[in-house]
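# Reading the structure
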Amino acid sequence: MNRWGKGLLVLALVVVVAMAFRVSWNALRDIATAIGADDTAATLYPFVVDGLMALALVATLVLTDQARTFALRVLGTYTAASLVLNYVHGLIPKLHGATVDWGRLADWDPANYALVLLATSLPVGSIYFGSDLVAKVLHHRPAPTTESIPALVANAEESTESMNKRSTADLAESTPAPVATAPVRMPDPVTVPFEKSALPLKPVPTPAAPAPAPAVGRRPVAAAESTRPRRATGRVPAVARSSRPKRTPDQLLDEARRVTADWPDAKLTAEGIRLAVHTSPVNARMLRDTLRGERAAKAAV
């Protein structure tokens, strides 16, 4: 449908809604007067009911998914309420002349209570549902249309087809069809005597020997005297040696026994013995094992 057709359809809908609103005007105004509304409130009451119906109809056309379902429920609820009030107005002729008592819409008390509750709750519901519908419409974000999807698909198919054609053309150029060639027969070998040459050799000129370069006389070079002192080589002199005599294993063991005599077992370690006796780590471990063995033997006895 073109733009003019849509415009005419919307205009026809507005005319129908306006005429229906005018027909329902008297009934809703008389109902409002019967439940105690003054002249101004009774005049505005039809806008409360039928106006919210128009608002819900617009929200239904704008919203989608769950919000659209909510708008349809509000539209259906207020349409049914307006229908019930118009039906009651048609059944009670006293409402037309405003001669009915206030708060009396039916002779049967339960029906009267239900109708009064319905008529008085519609304005409050209009405030709540109207505000909710307006908030939903203002916060609504339209979903992207799918009209451009077929065009995108068509473009993709065209690009794929062009790429296939281009690849086929490039393949044909880059790899030409193989050309069949006839095999070339090589001539049979010919035997040639060893002592005779098949082809005369062309003499090659011998290059001239290079002229010898003149000899350069060697001049004696005096040895440069170094001012740095020479390092000592050979055996270390006796003065530089340590004055402490080298101890035998028995001497180390006796000294270790004497030093560690009052040590507890927890303190008897290789590092402690090494620091106390001033010996190497290997000797310290050997002394530790020996001393621990001696202490274990004494404890067993």
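Coordinates for the structure precede this section.
Reading guide: rules and limits
- Residues numbered from 1 in each chain as written.
- Predicted model: local features only at pLDDT ≥ 70, side-chain atom pairs only at ≥ 80, totals over all residues.
- Heavy atoms only, no water.
- Helix = DSSP H or I, 4+ residues; strand = E, 2+ residues; numbered from the N terminus.
- Buried < 20%, exposed > 50% of the residue type's maximum accessible area, 1.4 Å probe, protein only.
- Contact = heavy atoms within 4.5 Å.
- Areas by Shrake-Rupley, 256 points an atom, 1.4 Å probe, with all protein chains shown as cover.
- Salt bridge = Lys/Arg side-chain N within 4 Å of Asp/Glu carboxyl O.
- Phe/Tyr/Trp six-rings, centres within 6.5 Å; stacked < 30°, edge-to-face > 60°.
- Core = buried A, V, L, I, M, F, W, Y, C linked by side-chain atoms within 4.5 Å.
- Axes fitted to C-alpha atoms, helices over the stretch in contact; angles between N-to-C directions.
- Parallel < 35°, antiparallel > 145°, perpendicular 65-115°, else oblique.
- Nonpolar A, V, L, I, M, F, W, Y, C, P; charged D, E, K, R; others polar.
- Patch = residues over 30% accessible without salt bridge, like charges linked within 9 Å, V, L, I, M, F, W, Y side chains within 5 Å.

Our focus in this paragraph is the overall build of the chain. On a plain count of helices and strands, the chain comes out with 8 helices and 0 strands. When the helices and strands of the chain are listed from N to C terminus, the series reads α-α-α-α-α-α-α-α. The buried share of the chain, taken over its 301 residues, is 19%. By sequence separation, contacts in the chain at least 24 residues apart represent 62% of the contacts at least 6 residues apart. As presented, the chain carries roughly 24,300 Å² of accessible surface, and 64% of it is formed by carbon and sulfur atoms.

What follows covers the pattern of salt bridges. Counted under the stated rule, the structure contains 7 salt bridges. Here Lys136 makes a salt bridge to Asp132, at a shortest N to O gap of 4.0 Å. Note that Lys136 and Asp132 are positioned in helix 4 (residues 109-138) at a spacing of 4 residues, about one turn of the helix. Assessed through its relative accessible area of 23%, Asp132 is described here as partly exposed. We note a salt bridge from Asp265 to Arg295, for which the minimum N-O separation is 2.8 Å. With a gap of 30 residues between them, Asp265 in the loop between helix 6 (249-259) and helix 7 (270-277) and Arg295 in helix 8 (residues 281-300) connect regions that are remote in the sequence. One salt-bridge network, held together by shared partners, links Asp254, Arg257 and Glu294.

A separate point is the packing of aromatic side chains. Under the defined criterion, the tally for this structure stands at 3 aromatic pairs. Ring geometry for Phe70 against Phe129: centres 6.1 Å apart, planes inclined by 50°, an arrangement best described as tilted. Taken together, the residues span a long stretch of sequence, with Phe70 in helix 3 (residues 65-91) and Phe129 in helix 4 at a distance of 59 residues. Of the residues examined, Phe129 reaches a relative accessible area of 27% and is grouped as partly exposed. Each ring, one from Tyr128 and one from Phe129, has its centre 5.1 Å from the other, and the planes form 75°; the classification is edge-to-face.

Let us now look at the nonpolar core. One finds Tyr45, Tyr78, Leu85 and Leu122 to be the most contacted residues of the largest nonpolar core, which totals 26 residues. Looking at this core, the elements that each hand over two or more residues are helix 1 (3-34), helix 2 (39-62), helix 3 and helix 4. At 8 residues, helix 3 tops the list of elements feeding residues into this core. Other than its neighbours up to four places away in sequence, Leu122 contacts Tyr45, Val48, Val49, Tyr78, Ala81 and Leu85. If you look at the next biggest cluster of nonpolar residues, it comprises 9 residues, including Leu252, Ala256, Ile273 and Leu291.

Running from N to C, helix 1 and helix 3 cross one another at 80°; their axes reach a closest spacing of 9 Å. By the angle class used here, helix 1 and helix 3 are roughly perpendicular. Within the contact between the two elements, helix 1 uses Ser24, Asn26, Ala27, Leu28, Asp30 and Ile31 and helix 3 uses Ser82, Leu85, Asn86, Val88 and His89. By residue class, the composition of the contact of helix 1 with helix 3 is 5 nonpolar, 5 polar and 1 charged.

Another point: a nonpolar patch on the surface. Taken together, Leu8, Leu11, Val15, Val16 and Met19 make up a surface patch of nonpolar side chains, about 490 Å² in accessible area. Considering the arrangement of structural elements, one finds Val16 in helix 1.

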